[in-house]
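Chain residues, written in single-letter form:
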Amino acid sequence: MAKARSTRRTDFDEDDVRVRPSRRGSRPRTRTRPKHEDAETGRVLTIDRGRYTCLVDEGTRREHEITAMKARELGRKGVVVGDRVAIVGDLSGDKGALARIVRVEDRDSVLRRTADDDDPYERIIVANADQLAIVTALADPEPRPRLIDRCLVAAYDAGLEPLLVLTKADLAPPESLLELYGPLGVPYVVTRGGDAYDDWDLDAMRAYLDDRTTVFVGHSGVGKTTLVNALVPDRKRAVGHVNVVTGRGRHTTTSALTLRLPPHGEDGVSGWVVDTPGVRSFGLNHIDLGRIIHAFPDLEPGTEGCPRACSHDEPDCALDAWVEEGHADPARLYSLRRLLATREQAEGD
Ligand SMILES: Nc1nc2c(ncn2[C@@H]2O[C@H](COP(=O)(O)OP(=O)(O)O)[C@@H](O)[C@H]2O)c(=O)[nH]1
Ligand SMILES: [Mg+2]
Ligand SMILES: [Zn+2]
């Protein structure tokens, strides 16, 4: 069922979701800020309750991780996993050392989500990624094509290349699911892992991961962490655990974690993978559906004859004629329409 969206905004930023006025809001704006010319550049690997783990001196022999907090001067500016940041203070990485993030560099991409479509609050999951690995188990839990479609829409919207990762092929065959995505031309990898990581053909997977930053998303329990552990064996994370117990009590891991793939091959190519906690839903409140058509270059020229603000799913849409004239495969148009409709539908099945 279509919902009216009179005040849709397409350029949400995490900064925008803070609606409560800051108590410091009346501070004069003329205050000059320190320039921090001595700041180091870092990559935010993960976030845990206001503490940012950052990699500094990346790619050098001095590369190491440090812990930082947001400097007060950053104000409301959000810092997310994948951000490139300027850091000052104690960069030793020693136990107890705490540096300060003073600046966030411009982001090449942002992957966002809302809790659901009616929720105006959204979060940036990861910044600066190139690829979205949509991880789906072939069984246990059952595949949810609607969630896959939603992830695809989010990927196209964010300008990330989608990669379909179908896990647990030891439990069920991939064919019927692959049929749904064949017309979309989404690249895919099928894995059968469980405890037998070693038997996996991880090379097929690595070929897609080399030289880029890939975010793994998918429902809890589909095998994201298992796969990431197989790819990055020296940084094993707890499999099947969402909750961790810390000194401050039990809490749910909510942050993504970035890991570097071990270099391989003659050139020592590597890449980055980002493991995320399970998503139960993938709200698309912030998505500009007009951008989705860009992922369909075979259909996009056909929209020239469309009425203004065409939904591409109405009687006057020019795409039906475009397909009838043989310019594109009807299955492509069907898939486009399925994706365009995902935001208007519940995703429970
Ligand atoms: N049968 C089977 N089980 C798997 C496979 N991959 C992961 N699992 C199991 O699925 C459960 C959830 O895995 P986990 O990696 O924690 O999922 P995540 O929540 O997506 O990170 C664990 O018990 C894994 O051992 C697979 O390919 N086949
Ligand atoms: Mg996990
Ligand atoms: Zn149209």
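Quick caveat: nothing in here was measured; it's all calculated off a predicted structure. (Residues numbered from 1 in each chain as written. Chains lettered and ligands numbered in written order. Predicted model: local features only at pLDDT ≥ 70, side-chain atom pairs only at ≥ 80, totals over all residues. Heavy atoms only, no water.)

On to the coordination of the zinc ion (ligand 3), then. Protein ligation of the zinc ion (ligand 3) involves Cys306 (SG), Cys310 (SG), His312 (ND1) and Cys317 (SG), the donor distances falling in the range 2.2 to 2.4 Å. Geometry at the zinc ion (ligand 3) is tetrahedral, judged from its 4 donor atoms and the angles of 105 to 113 degrees they form at the metal. Sequence positions of the residues that donate to the zinc ion (ligand 3) give the spacing C-x3-C-x1-H-x4-C. Taking relative accessible area as the criterion, Cys310 reaches 13% and is therefore assigned buried. Among the residues examined, Cys317 registers a relative accessible area of 5% and is labelled buried. (Donors = N, O, S within 2.8 Å, 3.2 Å for Na, K, Ca; no water. Tetrahedral: all angles 85-135°; square planar, octahedral: opposite > 155°, others 65-115°. Buried < 20%, exposed > 50% of the residue type's maximum accessible area, 1.4 Å probe, protein only.)

Before going further, it helps to spend a moment on the nonpolar core. Core analysis: the biggest nonpolar cluster contains 51 residues, and Leu132, Leu152, Ile292, Leu299 and Leu336 have the highest contact counts within it. Mapped onto this core, the elements with two or more residues apiece are strand S7 (122-127), strand S8 (131-137), helix H1 (145-158), strand S9 (161-167), helix H2 (175-181), strand S11 (213-217), helix H5 (319-324) and helix H6 (330-341). Per element, the largest residue contribution to this core is 9 residues, and it comes from H1. No fewer than three residues from each of domain 2 (110-275) and domain 3 (289-344) sit in this core. Those residues within four positions of Leu132 in sequence are excluded, and the remaining contacts are Leu111, Cys151, Ala155, Leu160, Glu161, Pro162, Leu163, Val215 and Val217. (Core = buried A, V, L, I, M, F, W, Y, C linked by side-chain atoms within 4.5 Å. Helix = DSSP H or I, 4+ residues; strand = E, 2+ residues; numbered from the N terminus. Domains from an automatic or database assignment. Contact = heavy atoms within 4.5 Å.)

On to the confidence of the model for the protein. The predicted model of the protein averages 81 in pLDDT, with 76% of residues at 70 or higher. Model confidence for the protein, summarised as mean pLDDT per element, is weakest for strand S12 (residues 243-246) at 40 and strongest for H5 at 97. Taken together, the stretch residues 1-27 has pLDDT below 50 and engages in 44 contacts with residues farther than four places along the chain or on a different chain. Low pLDDT, under 50, characterises residues 240-252; the stretch is placed with 17 contacts to residues that sit more than four places away or in other chains. (pLDDT = per-residue confidence, 0-100.)

Alternating positions in strand S15 (residues 272-275) separate into two faces, Trp272 and Val274 on one and Val273 and Asp275 on the other, with burial throughout. Bridge count between S11 and S15: 4 bridges; the pairing is parallel. Within S15, the position partnered with Val215 by the bridge is Val274. Judged from the 4 bridges that link them, strand S14 (residues 257-260) and S15 form a sheet pairing that is antiparallel. The residue of S15 that forms the bridge with Thr258 is Val274. (Pairing = 2+ DSSP bridges.)

Here the focus is H1. The terminal C-alpha atoms of H1 lie 20 Å apart, and with 14 residues this matches the ideal 20 Å at 1.5 Å per residue to within 8%. Extensive coverage of H1 is indicated by the burial of 12 of its 14 residues. (Expected span 1.5 Å × (residues − 1).)

Along the polypeptide, Arg332 turns up in helix H6. Engagement of the side chain of Arg332 in a polar contact is seen with the backbone oxygen of Pro183, the distance being 3.0 Å. Within the local environment of Arg332, its side chain forms a polar contact with the side chain of Asp298, the two groups lying 2.8 Å apart. When sequence neighbours within four positions are dropped, the list of residues in contact with Arg332 reads Pro183, Leu184, Gly185, Ala295, Phe296, Pro297, Asp298 and Leu299. (Polar contact = N/O pair within 3.5 Å; in protein donor to acceptor, adjacent residues only side chain to side chain.)

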